[in-house]
Structures are given as C-alpha cells and as structure tokens.
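Secondary and tertiary structure notes
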Amino acid sequence: MHALRKIPMRWEKPTEHVCPDQALLLKISDQRRCDVLMMTPWFAPIVWEGTYNSEILNEQFRQRNVTVGLTVFAIKKYVVFLKTFLETAETYFMVGHRVNYYIFTDRPEEVPKVALKEGRNVVVLQVQNYPRWQEISMRRMEMLSYFSQQRFVNEVSYLVCVDVDMKFNDQVGVEILSDLFGTLHPGFYAAERQSFTYERRPASQAYVPSDEGDFYYMASIFGGTVMEVYKLTKQCHEAIMVDKANGIEAIWQEESHLNKYFLYHKPTKILSPEYMWDDNLGRPEILKKRRFLAVRKNHAAIRNK
Ligand code: 4GW
Ligand code: MN
C-alpha cells in the first residue's frame, strides 16, 4: 500500500472569496480574481484569465529557451480532427516558443500538411490501433510513458497531452507550464465532491473513497515536465493493467486513473475550465476566455470504425 494513502486528503472549498481592502492592494494585484479559487490548499495556482502576466512569464520561458511537446492521438477516423487542431494550435498554442507536435497515429499517410511557423515541428509516431475504443483511449498512457523515456526526454522540457477532437480558440501559453498540471473538468468545477464521478468500486486500482478527492480533473489535457509525465503515465498504465488482470475497467477509463493519481500526487498547477471547455455547457460569467474547445463530433460517422 502506498505510504501517502495514510495521509487524510480532506478539505472543503471556501464558499466565499473576500478580497482585501482596495487601499491595501499593491499595483501588481490587478492580477487577481475575487470570484474564483486562485490557489489550492497545497499552494498550486489555479490558472484563470486575470491572474497572471503573460509578458513576464513569456520572458522567463524565453530566457530558458524552452521547447514544449504537444502530444495528440489520432487513431483510425480521428485523423479527421488533425487539420483544425494543428491550424488553430499554430495560431494560439505557445506563440513565440519552440513547439514539437507529436502525432500518434496508425494512419501516418493521412496526417495533413499544415504550414508551421519557425521553431515548430510535426513528428509523426506510428502506433498500433486497438479494436475497443476504451482500449484506444487507455493505451495512450502506455504509449506516452514509453515515448517519454525513449524520445521526449531528449527533445523537450515540458509535455502537454491532449485530446485531438479539440480546437484552440484563444491563447494557451507558458502560463500552463509547471512540474505537473491537471485541468478542472468543465462539468464539475463548481460541483460538490460527492458528485465527482471517481471510480467508486474498491476492486479497481482507480478507487477513490467517498470522503477524499480535491477536484475532478479531465483527462483531455494534462502535462508537466517529461519526468513527471513519465511517472504519471507509467503509474496509470500499470494500474490499468492490474485492473485488466482482475477483470475490471474503471468507469471513465484512464480519466479515473488520472484522478486517482492526482489525489496522491498533487498537481503543482491547475488549469481552469478555460483550458477545456465545451460550448454545450453555455458561457458562464466567470469564464473570461474559452481557450481550448471541444469540437462537435458526429459520433455515428467517426467512432467504432
Ligand atoms: C468510440 O467509438 C470511440 S473511438 C471513442 C474514442 C475513440 C477514439 C479516440 C478513436 O477512435 N481514435 C482516437 O484517436 N481516439 C483518441 O482518444 C483521440 O485522441 C481522442 O481525442 C481521445 C479520447 O477520445 P474522445 O475524444 O472520443 O473522448 P471524449 O468523448 O471523452 O472527448
Ligand atoms: Mn475528446
């Protein structure tokens, strides 16, 4: 049993955020928000528009000449999402920084040619497909851990691992980068812990007890340094394999395992739902930007083939 499991992980979100008296605020404090949680109890910032200064952050990361890897899987028919994904990433993702797009696919010849700005490259990685969609989704953990140690560690500082059925709609920059980051699920950021859809069966490695859990994270975008992503994806893959041997599959596949991992290995930064939004959820007032948006899928045409 993991030693950390013994530490109680229980806390309640404050219901109200009170800003200090305006007279006490320094000028720099215009980078704050009073309507959202900006910091976790373990001092990880939660990234919302209006909480950071991108000029300062861009300068810091430029000084380090950081290269960012953006990993995406396009297996079988999901190659159709690549064109919009890449074109919008060229406009909004890590503008002014070095970027490697790592495209995992079983159809390398169907990867579209997209014009890239300087310092940006596409790397196509041919991988196998699996008959079950759950397996396609979950095996991402295995492939990410394998390629992290084989390749990514030599080529990039940070990895950002995302779904492909997405488009960039506003800036997604170095403000997201940190040792280990996760993203608040857009359907649960305002929800109570009891309603989080963690795996609740103790027989699964992804099991989370009902009185534990900080947030419900979405698996469609997470990342960190190559080393941290390697550790996360390796552990999630191993847990998925233990479940498989025991004849159980977590309720939300790798997302359940990711949530379990983040409970006991707290992210050092958390992205607000600005970084994973779906317009089916409307446009709440607290959402100042919709940076990364789910693309509507024709499920019948795109899946199971
Ligand atoms: C049902 O038939 C399928 S196929 C569900 C997912 C499928 C799938 C997913 C696929 O055929 N090919 C593929 O590359 N994927 C990758 O897994 C792709 O990167 C996709 O974004 C990710 C997660 O699947 P999803 O985006 O369909 O999941 P949701 O609906 O939760 O966004
Ligand atoms: Mn998706």
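Structure: see above.
Basis of the calculations
- Residues numbered from 1 in each chain as written.
- Chains lettered and ligands numbered in written order.
- Predicted model: local features only at pLDDT ≥ 70, side-chain atom pairs only at ≥ 80, totals over all residues.
- Heavy atoms only, no water.
- Phe/Tyr/Trp six-rings, centres within 6.5 Å; stacked < 30°, edge-to-face > 60°.
- Helix = DSSP H or I, 4+ residues; strand = E, 2+ residues; numbered from the N terminus.
- Buried < 20%, exposed > 50% of the residue type's maximum accessible area, 1.4 Å probe, protein only.
- Lys NZ or Arg CZ within 6 Å of the ring centre and 35° of its normal.
- Donors = N, O, S within 2.8 Å, 3.2 Å for Na, K, Ca; no water.
- Near = heavy atom within 4 Å.
- Polar contact = N/O pair within 3.5 Å; in protein donor to acceptor, adjacent residues only side chain to side chain.
- Areas by Shrake-Rupley, 256 points an atom, 1.4 Å probe, with all protein chains shown as cover.
- Nonpolar A, V, L, I, M, F, W, Y, C, P; charged D, E, K, R; others polar.
- Patch = residues over 30% accessible without salt bridge, like charges linked within 9 Å, V, L, I, M, F, W, Y side chains within 5 Å.
- Salt bridge = Lys/Arg side-chain N within 4 Å of Asp/Glu carboxyl O.
- Axes fitted to C-alpha atoms, helices over the stretch in contact; angles between N-to-C directions.
- Parallel < 35°, antiparallel > 145°, perpendicular 65-115°, else oblique.
- Left-handed = near helix turned anticlockwise from the far one by under 90°.
- Contact = heavy atoms within 4.5 Å.

Now for the packing of aromatic side chains. Applying the stated rule across the entire model yields 21 aromatic pairs. Ring centres of Trp 42 and Phe 215 lie 6.2 Å apart, and the angle between their planes is 65°; on these two criteria the pair is classed as edge-to-face. Residue Trp 42 is located in the segment before β1 (46-47), and its partner Phe 215 is located in the loop between β7 (180-183) and β8 (221-225); the two are separated by 173 residues in the primary sequence. We classify Phe 215 as buried; its relative accessible area is 4%. On the basis of an interplanar angle of 85° and a centroid distance of 5.3 Å, the ring pair of Tyr 146 and Phe 147 is categorised as edge-to-face. Counting every residue linked through ring pairs, the aromatic cluster contains Phe 73, Tyr 102, Phe 104, Tyr 146, Phe 147 and Phe 152. In this arrangement the basic side chain of Lys 266 is found over the ring face of Trp 42, its NZ or CZ atom lying 5.1 Å from the centre.

Moving on, we come to the coordination of the manganese ion (ligand 2). Coordination of the manganese ion (ligand 2) by the protein involves Asp 163 (OD), Asp 165 (OD) and Asp 165 (OD), with metal-donor separations of 2.1 to 2.5 Å. Of the two residues, Asp 163 and Asp 165, neither departs from the other in class, the shared state being buried.

Let us now look at the site of ligand 1. Around ligand 1 sit 14 residues, and of these Phe 73, Ile 75, Tyr 78, Asp 165 and Arg 303 come closest. Tyr 78 places a polar side-chain atom, nitrogen or oxygen, 2.5 Å from an oxygen atom of ligand 1. Measuring from an oxygen atom of ligand 1, one finds a backbone N or O atom of Val 164 at 3.1 Å. Computed on the free molecule, ligand 1 has an accessible area of 600 Å², of which 85% lies beneath the protein chains in the complex. Where the shell around ligand 1 is concerned, the elements lending two or more residues are β2 (67-74) and α3 (133-155). A total of 4 residues in the shell around ligand 1 trace back to one element, the largest contributor, which is α3. Taken together, the residues of the shell around ligand 1 break down into 7 nonpolar, 2 polar and 5 charged.

On to unusual backbone geometry, then. Phi angles above zero are rare outside glycine, and Met 94 is one such case at about 50°. Along the chain, the position of Met 94 falls in the loop between α2 (82-92) and β3 (98-105). Even without glycine at this site, Gln 253 takes up a positive phi of about 45°. Here Gln 253 lies in helix α5 (residues 253-264).

Here we take up a nonpolar patch on the surface. Together, Leu 116, Val 122 and Val 124 make up an exposed nonpolar region whose accessible area comes to about 180 Å². For Val 124, the location among the structural elements is in strand β4 (residues 120-126). Here Val 124 falls in the partly exposed class, since its relative accessible area comes to 36%.

In total, this model carries 24 salt bridges according to the counting rule given. With its nearest N and O atoms 3.1 Å apart, the salt bridge here joins Glu 135 to Arg 139. With Glu 135 and Arg 139 both in helix α3 and 4 residues apart, this pair spans about one turn of that helix. Note on Glu 135: relative accessible area 10%, which makes it buried. Residue Arg 139 is classed as buried on the basis of its relative accessible area, which comes to 12%. Asp 279 is the partner of Arg 290 in a salt bridge, and the nearest nitrogen-oxygen pair spans 2.7 Å. Within this pair, whereas Arg 290 is found in the loop between β9 (269-271) and β10 (292-294), its partner Asp 279 is found in the loop between β9 and β10, the two being separated by 11 residues in sequence. In the salt-bridge network here, residues are joined through shared partners; they are Glu 49, Asp 170, Glu 175, Glu 274, Lys 289 and Arg 291.

This part is about the environment of Asp 211. Mapped onto the fold, Asp 211 is located in the loop between β7 and β8. C-alpha of Asp 211 to C-alpha of Trp 11: the two residues are 200 residues apart in sequence and 9.5 Å apart in space.

With that settled, the discussion passes to the packing of α3 against helix α4 (residues 226-245). One way to put it is that α3 packs onto α4 with a least axis distance of 8 Å and a crossing angle of 140°. Considering the angle they form, α3 stands oblique to α4. Helix-helix and strand crossings are classified by hand; for α3 and α4 the assignment is left-handed. From α3, Glu 135, Met 138, Arg 139, Met 141, Glu 142, Leu 144, Ser 145, Ser 148, Gln 149, Phe 152 and Val 153 reach across to α4, where they touch Val 226, Val 229, Tyr 230, Leu 232, Thr 233, Lys 234, Cys 236, His 237, Ile 240, Met 241 and Lys 244. A class-by-class count of the residues in the contact of α3 with α4 yields 12 nonpolar, 5 polar and 5 charged.

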